[in-house]
Each structure stands twice: as C-alpha cells, then as structure tokens.
Amino acid sequence: MTTSDTLFHEGELMAQRNAGEREIAVRNGATVGRTIIRGALPFVRQQKTAYAASLDPNGQVWASILLGEPGFLAPSEDAAMLSVDLGQVAKLEADPFWENIRHDARIGLLLLELQSRRRLKINGQAHLEGERLKVQVTKSFPICPRYIHRREIVLADAGEAPPSSTSSRGHELGPAQLELIADADTFFLASAHATRGADCSHRGGPRGFVRHAGDGVLRIPDYNGNSMFNSFGNFLLNPQAGLAFPDYERRRVLQLAGTVEMMWNQADPQGLTGGTGRFWEFRPSQWIESELPATLRTKFIEFSPFLPEVN
C-alpha cells in the first residue's frame, strides 16, 4: 500500500483541507495500492464495460465508454499490469480515445458493474502493442457503491460490431444536447495531473441533477464521497475536464470537453448537495455525440438508495 505521505498530491491535499475531510481521506487511502487487489482479479476478468480518461495532443482531457466482451480486460499474474484487448471493444470512430492513447501514456480506468454496483479504479501508464493496450498500474483501489443506479447492460459480440460512424459535434451545446443532459442520472468524469496521471470517476444523482446554469455552463452538486478528492484535487491544479453522458435507452453517448470551476461552502437551501455545500461548474468548449451499437441492450433496475432528499 502507498503511505499517506506520498499517496495524495498537492491538489488533493488542498481539496481535502478545503472540505475539512483530511483525516477521513487518510483512513480511506489505506485501500490504495500500486497493484490491483488480488481479490478483485476475477471481477476484472468478467467485466464487459470500462470507463476511461485520456488526453488529446492539446492536453484536453476526455471521458470515454468502452463496451467490450468478458475477457477483454486481462490482469497480469502479479496484478501490476492490465492488458486491454481493443479488438474486443465496440469502436466509436468519433471518440478521441483511439487517437489519444497514441499520443499520451496517461490513462485512468474505472471498472463499474452497474448491475451489482461494484467498482474499481485502475490508473496507470499505457502503451500500444498492436491491438492490445498495456497499462502499467500506478494506482488501484475499490470505491464505495453510493450513487450508482443499477442497470443491466448486454452487448453480444462487441468486437464484431461494425464501427459506429454516426456522430455529430460542435462547440456550443444545442437543444438536443441540453435535453440529454437534463434527463441524465449518470455521467463519467475525467481529470488529469501532470505527473500522477489521468483519473476517471462516476457521478450519479436524481434525473436532472446536472443543471444548465445559462450560457452553456453546467452546474453540478458534489455529494459526500470517499473524501480523497481525486477529481477535485486534479482540477485545483489543472481545470481541464472531460464528461461522458450515456443515454443507454436511446443508445447514444455525449462527450464534453471543457474546464471546471469549483465552489466551496455554498448556500444550498434546497439540499441539492446533500449537505456538503459544494458545487462545481463545467464550461464546455467542444462536444461529440455518437451512437452506441445497435445491438446494445440495457435494463434499468433501480435508483441508488443514497440520493439526497431535495427540499
């Protein structure tokens, strides 16, 4: 395990102090290691979805959804390396991920099994070997299941699905994109640190918890979490962020790239933050909307029981 002296970088320490949760972060940080927890190796092998953070040649961070087949993620015997078989992943041609991994080794992966609410982070340095992406693990840890809505996702023969080339893109959010965001109950968040690498995390809430604050800016509440503030810590040093909003029912995904501004100790009379008083605003600079494979099937099971009660 990593010691508390070196576990958190300067941005994470600043965010923990701003929130008054430094001691909780140290306790929860005991689960962080430089290899994948051995007890999680069977879980890794059975996953058919991974969520990724990567960086384009301009340093912009992007969040992506990788739909694969069980077995497309293969950890090494010593749990220090993860091999990703990209040949078994349904390819979205417009997703910057495919070019990003050729230019920047930093990658953050979130393995999230929506049906069981189990999740695991694997961050590292990646390099391509043909159709395989080899990820040298620098940080890995399990995280709590709060705010995950249970869904069943099925995509048979993901690697054989024809590449999805249907997409649209722009710089300003239009009515269709704002409607998708307003209806969302889940999105994935990418951030990066210059030397500690990229990170991908999950955000869930009631439908409409991401609100349009005007002029394209999105305002998002920050709930209680593991107190390590990996994303917020990165943003304090590098405001570049990527968001991916999946619309499972309509089989599409909206990827946003932009910058973040964090707001601490805010008045929250409606209880939108669940008592933290923390919000953050995201200002998009570009977006890409892609169709997910036509053979994708999903089933909503239930909302998280941990959602805050809004006044």
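Nothing here was measured: the structure is a model prediction, and the numbers come from that model. (Residues numbered from 1 in each chain as written. Predicted model: local features only at pLDDT ≥ 70, side-chain atom pairs only at ≥ 80, totals over all residues. Heavy atoms only, no water.)

**Side note on the packing of helix 2 (residues 10-19) against helix 7 (residues 230-237)**
In a packed pair of helices, the relevant descriptors are the angle between the two axes and the axis-to-axis distance.
Right, so step 1: At a closest axis distance of 7 Å, the pairing of helix 2 and helix 7 adopts a crossing angle of 110°. Judged by the angle between their axes, helix 2 and helix 7 are roughly perpendicular. Handedness of the helix 2/helix 7 crossing: right-handed. Contacts between helix 2 and helix 7 involve Glu10, Gly11, Glu12, Met14, Ala15 and Asn18 from the first element and Asn230, Phe232, Gly233, Leu236 and Leu237 from the second. (Axes fitted to C-alpha atoms, helices over the stretch in contact; angles between N-to-C directions. Helix = DSSP H or I, 4+ residues; strand = E, 2+ residues; numbered from the N terminus. Parallel < 35°, antiparallel > 145°, perpendicular 65-115°, else oblique. Left-handed = near helix turned anticlockwise from the far one by under 90°. Contact = heavy atoms within 4.5 Å.)

**A few points about the pairing of strand 16 (residues 278-291)**
Right, so step 1: Sheet analysis places strand 9 (residues 167-170) next to strand 16, joined by four bridges and oriented antiparallel. Each residue of the ladder has a partner; that of Arg169, found in strand 16, is Ile288.
Right, so step 2: The pairing of strand 13 (residues 217-222) with strand 16 spans five bridges and is antiparallel. The residue bridging Pro221 from the neighbouring strand is Phe279, located in strand 16.
Right, so step 3: Examined bridge by bridge, strand 15 (residues 252-263) and strand 16 share 12 bridges and lie antiparallel to one another. (Pairing = 2+ DSSP bridges.)

**Details of the sheet that holds strand 3 (residues 73-75)**
Right, so step 1: Spatial strand order, 2-1-5-6-7-4-3: seven strands in an open sheet with antiparallel pairing. Pairing within the sheet leaves two strands with one partner each, and these edge strands are strand 2 (61-67) and strand 3. Neighbour-to-neighbour, the strand axes of the sheet open up by a mean angle of 30°, direction not taken into account.
Right, so step 2: In this sheet, strand 6 (residues 118-129) lies alongside strand 5 (residues 106-113) in antiparallel orientation, the contact comprising eight bridges. Counterpart to Leu109 in the pairing with strand 6 is Ile122.

**Topic: the side chain of Gln255**
Right, so step 1: With respect to the element layout, Gln255 can be found in strand 15.
Right, so step 2: Among the polar contacts listed, one links the side chain of Gln255 to the backbone oxygen of Ala63, at a separation of 2.9 Å.
Right, so step 3: A polar contact of 3.0 Å, which involves the side chain of Gln255, links it to the side chain of Asp95.
Right, so step 4: Beyond its immediate stretch of four places on either side in the chain, Gln255 contacts Trp62, Ala63, Ser64, Asp95, Pro96, Leu243, Ala244, Gln286, Trp287 and Ile288. (Polar contact = N/O pair within 3.5 Å; in protein donor to acceptor, adjacent residues only side chain to side chain.)

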